[in-house]
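What follows is each chain in one-letter form.
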Amino acid sequence: MTTTTPPSYNISNVSCLDLAKSSDPISTGIGFFDHMIDQLNSHAQVGVSVVVSLSSDDDKGDKNRFAEPMDNQCALASQVGSAMGTEISKIIEKVSVGSTSRFCCPLDEGLVECILTKSENGGSLTTFTLPPYGIYPSKTGRTKIGQMSTAIVQPFFQNLAVSSGLTISLHKVRGDNGHHVVESAFKAFSRALRNMIDGTDTSNDWSASMENTWGKSSQSYKDGIQLQRGGIIQRQTKETSIDVMLQLDGTNGSDKFVIDTGLNTLNTFVTSLAKEADVSLNAVCKGDLWVDDHHTSEDVAIALGQVLNKALGTKAGLNRMWCAVGGSGDAQVEVTMDLSNRPCLTSNLSLSNNEQGEEYVGDMSIEMFAHALESLVMNGQMTVHIVENNAGKNLMETVVATAIAFGRALRLCAAVDPRRAGKTASSKGTLSV
């Protein structure tokens, strides 16, 4: 069998500009690859450009001019990764050696964790567990998306890591959709890179850099106060009467919560969430608890999701994504959130298979706690992945840990990012369609 040596591509017009737009295009000759690289523009806020050619006669208008032969795509991606990594090394030059940044990116059928570390001994791709790309087909996943071979993802990041001086770990937490696994990886890398440049991280340590970027002395906080985002929902049926008032910005004082749903467990969950989200919230419900807890649990969660979605508005100019860990007793839970307008909840909380075999958590049935979570996420128009890192001694610990993580993630997702100047953090340019 004769093997053909891949050509050496010309890589030009390469730029990675921090908090700036490039005047040059992204044109690798593989359309879906262009789309993935463009995630750095939207999510790392780094102006990226790169042009791949073989000769001056290349048809730059053909977005998939180098898609065939597919066997050559890995060589192309390797060269692009090396060139981009060199440019990225320039924008992380001031980042201290040993600095680490972690981000998880939630899509409705994919969750990928990216960990970046600025290495003293040279960059490398230390972990790569993305394949198989989805479950269609079940044994192999997707081999190409659009005209892009999924085999190019690993050499792209491998070569980017070496030339940037970053150690990169890409771990698929979950994901049945190959397209979303790849997209989640590029977005997670982009967000982790942005945090590394900013000196912020998704850990629970509220550092000086976190305070400067997102805290109450930051421009983000001041811009939020100017917006005065809030909402009121009054919801009445034959089963429940609910009044909810939410204020996202400029809340102060210990008396900013009035939570009375009629269910102590639900009160605890909502109060813990609101406290960690740093919002002012009144939520009062009179429900038919003499029937059971179903109507109260569901309707309160629906109202909370609706008022949150109302307060967030178009979500333009917001940070949009974050992940956070919450703990209570032995329970440790991570919530990864995207204010996406594409509602989806994926969770592995050990509710139905709890070791105690409990049917209730406090005065709330476990199945209604699970349903309330889903109702909150669906009506809040958000994508949420919940990962239980450690189960609690009892289910109340799990409930509180989930609320804490949810609130912490929400606080940073809802934060105004003044650098976006009111524009949506999306390669589509909008979340409304």
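Residues numbered from 1 in each chain as written. Predicted model: local features only at pLDDT ≥ 70, side-chain atom pairs only at ≥ 80, totals over all residues. Heavy atoms only, no water.

A. Quick look at the sheet that holds strand E16 (residues 344–347). If you trace the four strands from one edge of the open sheet to the other, you get E14-E15-E19-E16, paired in mixed fashion. Single-partner strands in this sheet number two, and they are strand E14 (321–328) and E16. Strand-to-strand twist across the sheet, computed as the mean angle between neighbouring axes with direction ignored, equals 15°. In terms of strand pairing, strand E15 (residues 331–338) meets strand E19 (residues 383–390) through seven bridges, oriented antiparallel. Looking across to E19, one finds that Val-333 is bridged to Glu-388. Sheet strands touched by helix H11 (residues 395–413): E14, E15 and E19. Its angle to E14, the strand with the most contacts, is close to 150°. (Pairing = 2+ DSSP bridges. Helix = DSSP H or I, 4+ residues; strand = E, 2+ residues; numbered from the N terminus. Axes fitted to C-alpha atoms, helices over the stretch in contact; angles between N-to-C directions. Contact = heavy atoms within 4.5 Å.)

B. Region of the structure containing the pattern of salt bridges. The full count for this structure, using the stated rule, is 16 salt bridges. Ionic pairing is found between Glu-113 and Arg-102, a salt bridge with its closest N-O pair at 2.7 Å. With a gap of 11 residues between them, Glu-113 in strand E5 (residues 110–118) and Arg-102 in strand E4 (residues 100–107) connect regions that are remote in the sequence. With relative accessibility at 14%, the residue Glu-113 sits in the buried group. With its nearest N and O atoms 2.8 Å apart, the salt bridge here joins Asp-249 to Arg-229. Separated by 20 residues along the polypeptide, Asp-249 in the loop between strand E11 (240–247) and strand E12 (257–260) and Arg-229 in the loop between helix H7 (219–227) and strand E10 (230–236) bring together distant segments of the chain. Residues Asp-249 and Arg-229 agree in their burial class; the two are buried. (Salt bridge = Lys/Arg side-chain N within 4 Å of Asp/Glu carboxyl O. Buried < 20%, exposed > 50% of the residue type's maximum accessible area, 1.4 Å probe, protein only.)

C. Summary view of the side chain of Lys-256. Position of Lys-256 among the secondary structure elements: in the loop between E11 and E12. Of note is the side chain of Lys-256, whose polar atom sits 2.8 Å from the side chain of Asp-278. With near-sequence residues (within four places) excluded, Lys-256 lies in contact with Thr-251, Asp-278, Val-279, Ser-280, Leu-281 and Asn-282. (Polar contact = N/O pair within 3.5 Å; in protein donor to acceptor, adjacent residues only side chain to side chain.)

D. Representation of unusual backbone geometry in the model. Geometrically, the link from Glu-68 to Pro-69 is a cis peptide bond, its omega value of -5° lying close to zero. Structurally, Pro-69 is set in the loop between strand E3 (46–53) and helix H3 (73–91). With an omega dihedral of 0°, the bond running from Tyr-136 to Pro-137 counts as a cis peptide bond. Looking at the secondary structure, you find Pro-137 in the loop between strand E6 (124–128) and strand E7 (144–145). Residue Gln-228 is not a glycine yet carries a positive backbone phi of 50°. Of note in this structure, Ala-421 is not a glycine but carries a positive phi near 50°. In this structure Ala-421 comes out as exposed when scored by relative accessible area, which is 63%.

E. The packing of H3 against helix H4 (residues 153–164), seen in detail. One way to put it is that H3 packs onto H4 with a least axis distance of 7 Å and a crossing angle of 30°. The orientation of H3 relative to H4 falls into the category roughly parallel. Here H3 and H4 pass one another in a crossing that is right-handed. For the pair formed by H3 and H4, the contact residues are Cys-74, Ala-77, Ser-78, Val-80, Gly-81, Ser-82, Met-84, Gly-85, Thr-86, Ile-88 and Ser-89 on the first element and Pro-155, Phe-156, Asn-159, Leu-160, Ser-163 and Ser-164 on the second. For the contact of H3 with H4, the per-class residue count stands at eight nonpolar, nine polar and no charged. (Parallel < 35°, antiparallel > 145°, perpendicular 65-115°, else oblique. Left-handed = near helix turned anticlockwise from the far one by under 90°. Nonpolar A, V, L, I, M, F, W, Y, C, P; charged D, E, K, R; others polar.)

F. Geometry of H7. Taken together, the buried positions of H7 are occupied by Ser-220, Tyr-221 and Gly-224. Looking down the long axis of H7, one finds its buried residues gathered within 95° of arc, a one-sided arrangement. Residues of H7 that are buried in the fold lie against helix H6 (208–214). The first or second residue beyond H7 is Gln-228, which carries a positive phi of 50°. (Arc of directions from axis to C-beta.)

G. Region of the structure containing the sheet that holds strand E1 (residues 10–18). Pairing within the open sheet is mixed, and its three strands lie in the order E1-E3-E2. Strand pairing shows two members of the sheet lacking a second neighbour, E1 and strand E2 (26–27), which therefore form its edges. Bridging between E1 and E3 involves seven bridges; their strand directions are antiparallel. Its bridge partner lying in E3, Ile-11 is registered against Val-52. Of the strands in this sheet, E1 and E3 touch H3, which is tilted by about 35° from E1.

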